[in-house]
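As a plain string of letters, each chain reads:
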Amino acid sequence: MRRGDREIKNFAEIVDVIKKCDVCRIALNDNGYPYIVPLNFGIKAEGEQIVLYFHGAAEGKKYELIRLDDRAGFEMDCSHRLVTGADGCSCTMKYESVVGRGRIEIAPEDEKTKALAALMEQYHEGEFSCSASFPEEAVRKTTVFKLTVEQVSGKRNLK
């Protein structure tokens, strides 16, 4: 990383940045070109392992690409704020970001409910609790896929 002073080295801080984000962009291999898709996501971090969960319809291009090549890159960012210089001719951007790569796959049926709960937790203030279970019909129609992160790095400029 060129700007080592902006690197986030602490794993827990990287997870905190991820939890602040509201979109994760995944990049898949489309015949040698990146195919980038912005998605809502959920996160489960246990120890030093991150798993990102996504959901969607039952079919589509991203599923075709995942079946052909399970390698995926991802990026997410937050805390954006433009700061302009007093002279009006200079500026910088304040931000936090995370990039990484891993293996992506369709989640097994027995993992779907846990994955959907992780997605809901990402977008609820405070602790998410659902007094009822997810509607069975909705779960059945929803495809859940997961990205097991193999490499991750974080960067921030908030000063």
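Because the structure is predicted, anything quoted here is derived from the model rather than measured.

S.K.: Any chance you could explain the overall build of the protein here in plain terms?
M.R.: On a plain count of helices and strands, the protein comes out with four helices and eight strands. Shown N-terminal to C-terminal, the secondary structure of the protein runs as helices and strands in the order β-α-β-β-β-β-α-β-β-α-α-β. Its C-alpha atoms put the protein at 60 × 45 × 30 Å along the principal axes. Taken across its 159 residues, the protein has 38% of its residues classed as buried. Within the protein, contacts between residues separated by at least 24 positions form 73% of all contacts whose residues are at least 6 apart in sequence. In the structure as shown, the protein presents an accessible area of about 9800 Å², 49% of it carried by carbon and sulfur atoms. If you average the places of the 24 positive and of the 26 negative side-chain charges in the protein, the two averages end up 6 Å apart.

S.K.: Help me understand helix α2 (residues 61-68), please; the structure alone is not making it clear to me.
M.R.: An α-helix turns once per 3.6 residues; consequently, residues spaced three or four apart project the same way. Burial in α2 covers these residues: Lys62, Tyr63, Leu65 and Ile66. Burial along α2 is one-sided: seen end-on, the buried residues are contained in an arc of 165°. Structural note: α2 exposes Arg67 and Leu68 on the side pointing more than 90 degrees away from its buried face. Buried residues along α2 sit in contact with β2 (24-30), β3 (33-39), β5 (49-56), β7 (91-106) and β8 (143-157).

S.K.: For this particular structure, what's the right way to read the packing of aromatic side chains?
M.R.: The relative placement of two aromatic rings is captured by the distance of their centres and the angle of their planes. Tallied over the entire structure, the rule returns three aromatic pairs. Summarising the aromatic geometry, the rings of Phe41 and Tyr123 are spaced 6.4 Å apart at their centres and angled 75° between planes, so their arrangement reads as edge-to-face. In this pair, Phe41 sits in the loop between β3 and β4 (42-46) while Tyr123 sits in helix α3 (residues 112-123), placing the two residues 82 residues apart along the sequence. Judged by relative accessible area, which is 35%, Tyr123 ranks as partly exposed. Through pairs of rings, three or more aromatic residues link up here, namely Phe54, Tyr63 and Phe145.

S.K.: Explanation requested: the side chain of Lys146 in the structure shown.
M.R.: For Lys146, the location among the structural elements is in strand β8. Residue classification places Lys146 among the buried residues on the basis of a relative accessible area of 13%. Within the local environment of Lys146, its side chain forms a polar contact with the side chain of Glu111, the two groups lying 3.1 Å apart. Setting aside residues no more than four positions away along its own chain, Lys146 makes contact with Val51, Leu52, Tyr53, Arg103, Ile104, Glu105, Ala107 and Glu111.

S.K.: Looking at this model, I keep getting lost on the pattern of salt bridges. Mind explaining?
M.R.: For the structure on display, the rule yields 15 salt bridges. When the shortest N-O distance is used, the salt bridge between Glu75 and Arg25 registers 2.9 Å. One end of the pair, Glu75, is in strand β6 (residues 71-84); the other, Arg25, is in strand β2, and 50 residues separate them in sequence. Judged by relative accessible area, Glu75 falls into the partly exposed class, the value being 22%. The salt bridge partner of Glu121 is Lys44, with a shortest N-O separation of 3.4 Å.

S.K.: Explanation requested: the side chain of Glu111 in the structure shown.
M.R.: Tracing the backbone through its elements, the reader meets Glu111 in the loop between β7 and α3. Here Glu111 falls in the buried class, since its relative accessible area comes to 12%. Other than its neighbours up to four places away in sequence, Glu111 contacts Tyr53 and Lys146.

S.K.: Just to check I follow, could you spell out α3 for this structure?
M.R.: Under the 1.5 Å per step criterion, the end-to-end length of α3 is 17 Å for 12 residues, consistent within 8% with the ideal 16 Å. Lys112, Ala115, Leu116, Ala117, Ala118, Leu119 and Gln122 are the residues of α3 that are buried.

Reading guide: rules and limits
- The residue numbers shown here count from 1 along each chain, following its written sequence.
- Under the rules for a predicted model, residues below a pLDDT of 70 receive no local features and side-chain atom pairs below 80 are neither given nor counted, while totals for whole chains, interfaces and linings still include all residues.
- Excluded from the side-chain calculation are hydrogens and water; included are all heavy atoms of the structure.
- Every helix listed is a DSSP run of H or I at least four residues long, and every strand listed is a run of E at least two residues long, numbered separately from the N terminus.
- Whether a residue is buried, partly exposed or exposed follows from its accessible area with a 1.4 Å probe, protein chains only, as a fraction of its type maximum: under 20%, in between, or over 50%, in that order.
- Contacts between residues were defined by any pair of non-hydrogen atoms, one from each residue, lying within 4.5 Å.
- Calculation of accessible area relied on Shrake-Rupley with a 1.4 Å probe; when residues are assessed, cover is drawn exclusively from the protein chains displayed.
- By the counting rule applied here, Lys and Arg register as positive and Asp and Glu as negative, while His and the ends of each chain are not counted.
- Charged groups are reduced to one reference atom each: NZ for lysine, CZ for arginine, CG for aspartic acid, CD for glutamic acid.
- In this description, the arc belongs to the directions extending from the helix axis to the C-beta atoms.
- We call Phe, Tyr and Trp rings a pair once their centres come within 6.5 Å, taking the six-membered ring for Trp, and we label the pair stacked below 30 degrees between planes, edge-to-face above 60, and tilted otherwise.
- Polar contacts here mean pairs of N or O atoms no more than 3.5 Å apart (in protein, one a potential hydrogen donor and the other a potential acceptor; neighbouring residues in sequence count only if both atoms are side-chain atoms).
- By convention in these notes, a salt bridge is any Lys or Arg side-chain nitrogen within 4 Å of a carboxyl oxygen on Asp or Glu.
- Working rule for helices: expected span equals 1.5 Å times residues minus one.

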